[in-house]
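# Breakdown of the fold
So the chains spell out like this:
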Amino acid sequence: MPIVSLDDFAAGVPHGTTIAGLDLGTKTIGLAVSDLGQRFATPRKVLRRTKFTADANALVAALNDDRIAGIVIGLPLNMDGSEGPRAQATRAFLRNFGRFDDRPVLLWDERLSTVAAERGLLEADVSRRKRAERIDSAAASFILQGALDRLSSLRS
């Protein structure tokens, strides 16, 4: 699983394929998927984390179900742009996940993505219980949409 630059990701993930967005948490993995035109991100079901091998297999199965060509994963940077323990945990997950999957990966700055996702769910008047169930996939959708918008501007 190569971690690639934005330009390499744009070149290596053909237009007309789907892209996944991931919000990696300690208890769940939020998942979102693009349309074939790579314009819109749609939240998918949250994957509950158990043990790494089971998590990796479930994630590969979900990626295969949607015929994903590339993965955008949120990199949880500190507000000053530095990498803390959560960013290091994301990189460790990717190193280990590389044994299970070889799709290209783009790291995307996810600062405030969960805040933006929660704001969107509040504006949609989603109940507190349902927000808790959907927040990680909504954050994954927010992360993926940012990457899709940037890819679209590169390809124009």
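Heads up: these notes are all about the structure in this document. (Residues numbered from 1 in each chain as written. Predicted model: local features only at pLDDT ≥ 70, side-chain atom pairs only at ≥ 80, totals over all residues. Heavy atoms only, no water.)

## A closer look at the overall build of the chain
Which entries qualify depends on this criterion: Working definition: helices are DSSP H or I runs of at least four residues, strands are E runs of at least two. Numbering for both runs from the N terminus. Partly exposed residues are those whose accessible area sits between 20% and 50% of the maximum for their type, while under 20% is buried and over 50% is exposed, using a 1.4 Å probe and protein chains only. Accessible surface area values rest on a Shrake-Rupley calculation with a 1.4 Å probe, where residue burial reflects the displayed protein chains alone.
Scanning the chain for helices and strands turns up five helices and six strands. Along the chain direction, N to C, the helices and strands of the chain fall in the order α-β-β-β-β-α-β-α-β-α-α. Of all 156 residues assigned to the chain, the portion counted as buried reaches 44%. Carbon and sulfur atoms make up 52% of the accessible area of the chain, which totals about 8,400 Å².

## Topic: the pairing of strand β2 (residues 28-34)
The following threshold applies: In short, DSSP must find at least two bridges between two strands for them to pair.
Within β2, seven of the seven residues are buried, which leaves it mostly tucked inside the rest of the structure. Burial along β2 is two-sided: the residues Thr28, Gly30, Ala32 and Ser34 and Ile29, Leu31 and Val33 are all buried. As paired strands, strand β1 (residues 18-24) and β2 are joined by five bridges and run antiparallel to one another. Bridging across to β2, Leu24 finds its partner in Ile29. What sits between β1 and β2 in their antiparallel hairpin is a turn of three residues. Here β2 pairs with strand β4 (residues 47-48) via two bridges, running antiparallel. Of the residues in β4, the one forming a bridge with Ile29 is Leu47. Bridge count for β2 against strand β3 (residues 41-43) is three bridges, and the pairing is antiparallel. Bridging across to β3, Val33 finds its partner in Thr42.

## Observations concerning helix α3 (residues 85-97)
The condition that has to hold: Expected helix span is taken as 1.5 Å per residue step, with the number of steps being one fewer than the number of residues. Summarising the geometry, the arc corresponds to the directions from the helix axis toward the C-beta atoms.
An ideal rise of 1.5 Å per residue puts 18 Å on 13 residues; α3 measures up with 18 Å between its terminal C-alpha atoms. What α3 keeps buried is the set Ala87, Thr90, Phe93, Leu94 and Phe97. Along the long axis of α3, the arc covered by the buried residues comes to 115°, so they all point the same way. Those residues of α3 that are exposed and aimed more than 90 degrees away from the buried face are Pro85 and Arg95.

## With respect to the packing of aromatic side chains
As a reminder, the rule being used: A pair of Phe, Tyr and Trp rings is counted when the ring centres sit within 6.5 Å of each other, with Trp represented by its six-membered ring. The angle between the planes then sorts it: under 30 degrees is stacked, over 60 is edge-to-face, the rest tilted.
Here the structure, examined in full by the defined rule, presents three aromatic pairs. Taken together through their ring pairs, the aromatic side chains of Phe52, Phe93, Phe97 and Phe100 make up a single cluster.

## Topic: the side chain of Ser137
Here is the rule we go by: We call two residues in contact when some of their heavy atoms are within 4.5 Å.
Along the chain, Ser137 turns up in helix α5 (residues 128-155). Among residues more than four places away in sequence, those in contact with Ser137 are Gly30, Leu31, Ala32, Pro43, Arg44, Lys45 and Val46.

## Quick word on the pattern of salt bridges
Selection rule: By definition, a salt bridge exists where a carboxyl oxygen of Asp or Glu is found within 4 Å of a side-chain nitrogen of Lys or Arg.
This structure, assessed with the given rule, holds five salt bridges. A salt bridge links Arg49 to Asp55, with the shortest nitrogen-to-oxygen separation between them at 3.4 Å. Judged by its relative accessible area of 25%, Arg49 falls in the partly exposed class. In this structure Asp55 comes out as buried when scored by relative accessible area, which is 6%.

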